[in-house]
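Read off the chains here:
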Amino acid sequence: MTRCYIGLGSNLADPAGQLRSALNAMAEIAHTRLIESSPFYTSAPVGPGEQPDYVNAVAALDTDLSAEALLDALQAIENAHGRERTVRWGARTLDLDVLLFGNHTLATDRLSVPHPRIPERNFVLVPLADVAPDLVMPDGTPLHALLDQCPANRLHRL
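Thresholds applied
Residues numbered from 1 in each chain as written. Predicted model: local features only at pLDDT ≥ 70, side-chain atom pairs only at ≥ 80, totals over all residues. Heavy atoms only, no water. Helix = DSSP H or I, 4+ residues; strand = E, 2+ residues; numbered from the N terminus. Buried < 20%, exposed > 50% of the residue type's maximum accessible area, 1.4 Å probe, protein only. Contact = heavy atoms within 4.5 Å. Core = buried A, V, L, I, M, F, W, Y, C linked by side-chain atoms within 4.5 Å. Polar contact = N/O pair within 3.5 Å; in protein donor to acceptor, adjacent residues only side chain to side chain. Salt bridge = Lys/Arg side-chain N within 4 Å of Asp/Glu carboxyl O.

## Some points on the environment of Val124
Phase 1 of the analysis: With respect to the helices, strands and loops of the structure, Val124 is situated in helix H3 (residues 122-131).
Phase 2 of the analysis: Overall, the relative accessible area of 9% leaves Val124 in the buried class.
Phase 3 of the analysis: Sequence-wise, Val124 and Gln51 are 73 residues apart; in three dimensions their C-alpha atoms are separated by 19 Å.
Phase 4 of the analysis: Apart from the residues within four sequence positions on either side, Val124 is in contact with Val58, Leu99 and Ile118.

See below:
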């Protein structure tokens, strides 16, 4: 099985409830086990226009699926939660991102792993450190080094 890390975010329609429901749905993905999830955090929105704050978390999964098959399963969960893809980085009911897929580096039309914006997002790095404090990125960079360099942003643990 491959250990992977999934970023969760929501800022519409009971965001914490959306994340809890998404975690339950991820636990039901075939050939996949939900290992752990971080605490929830609120964070300032990144994206256009006025938006409510986000609730974010990270989940650790073990899977026998390919990265793109896992992405398909995650997008099905997003769709079941009312996700609409109309504005890039706009408000959303649920966003599930494959952050890391083992030590693999992937670049396809649909998926880039490691997620290219991990180093600049404390709402990813902090919960990722909660579930994998000794993590080393596929390029050899320790997670704690990314945390040390990440810009501060409004982030609060719930």
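## Things to note about the nonpolar core
Phase 1 of the analysis: Within the largest apolar cluster, 27 residues are counted, with the highest numbers of intra-cluster contacts made by Ile6, Leu8, Met26, Ile29, Leu70, Leu74 and Leu96.
Phase 2 of the analysis: Elements with a contribution of two residues or more to this core: strand S1 (2-10), helix H1 (15-26), strand S4 (54-63), helix H2 (67-80) and strand S5 (95-101).
Phase 3 of the analysis: If you tally residues by element for this core, the top one is H2, at 6 residues.
Phase 4 of the analysis: The contacts of Ile29, once residues within four sequence positions are left out, are Leu65, Leu70, Ala73, Leu74 and Ile77.

## A few points about the environment of Leu70
Phase 1 of the analysis: Along the chain, Leu70 turns up in helix H2.
Phase 2 of the analysis: Given a relative accessible area of 0%, Leu70 falls into the buried group.

## As for the side chain of Thr32
Phase 1 of the analysis: Position of Thr32 relative to the elements: it lies in strand S2 (residues 32-37).
Phase 2 of the analysis: A residue is classified by how much of its surface remains accessible, and Thr32, at 8% relative accessible area, is buried.
Phase 3 of the analysis: A polar contact of 3.1 Å, which involves the side chain of Thr32, links it to the backbone oxygen of Ala30.
Phase 4 of the analysis: There is a polar contact of 2.7 Å between the side chain of Thr32 and the side chain of Thr63.

## Quick notes on H3
Phase 1 of the analysis: For H3, the tally of buried residues reaches 8 of 10 residues, placing the bulk of the element in the interior.
Phase 2 of the analysis: All buried positions along H3 are accounted for by Asn122, Phe123, Val124, Leu125, Pro127, Leu128, Ala129 and Val131.

## A few points about the pattern of salt bridges
Phase 1 of the analysis: The final tally for this structure, using the stated rule, is 6 salt bridges.
Phase 2 of the analysis: Of the charged contacts, one joins Asp62 and Arg33 as a salt bridge, the two residues approaching to 3.5 Å between their closest N and O atoms. With Asp62 in strand S4 and Arg33 in strand S2, this residue pair connects regions lying 29 residues apart in the sequence.
Phase 3 of the analysis: Classification of Asp62 by relative accessible area gives buried; the value is 9%.
Phase 4 of the analysis: Among the residues examined, Arg33 registers a relative accessible area of 47% and is labelled partly exposed.
Phase 5 of the analysis: Put simply, Arg92 and Asp95 hold a salt bridge, and the shortest N to O gap is 3.1 Å.
Phase 6 of the analysis: The class of Asp95 is buried, set by a relative accessible area of 14%.
Phase 7 of the analysis: The network of salt bridges with common partners includes Arg3, Arg33 and Asp62.

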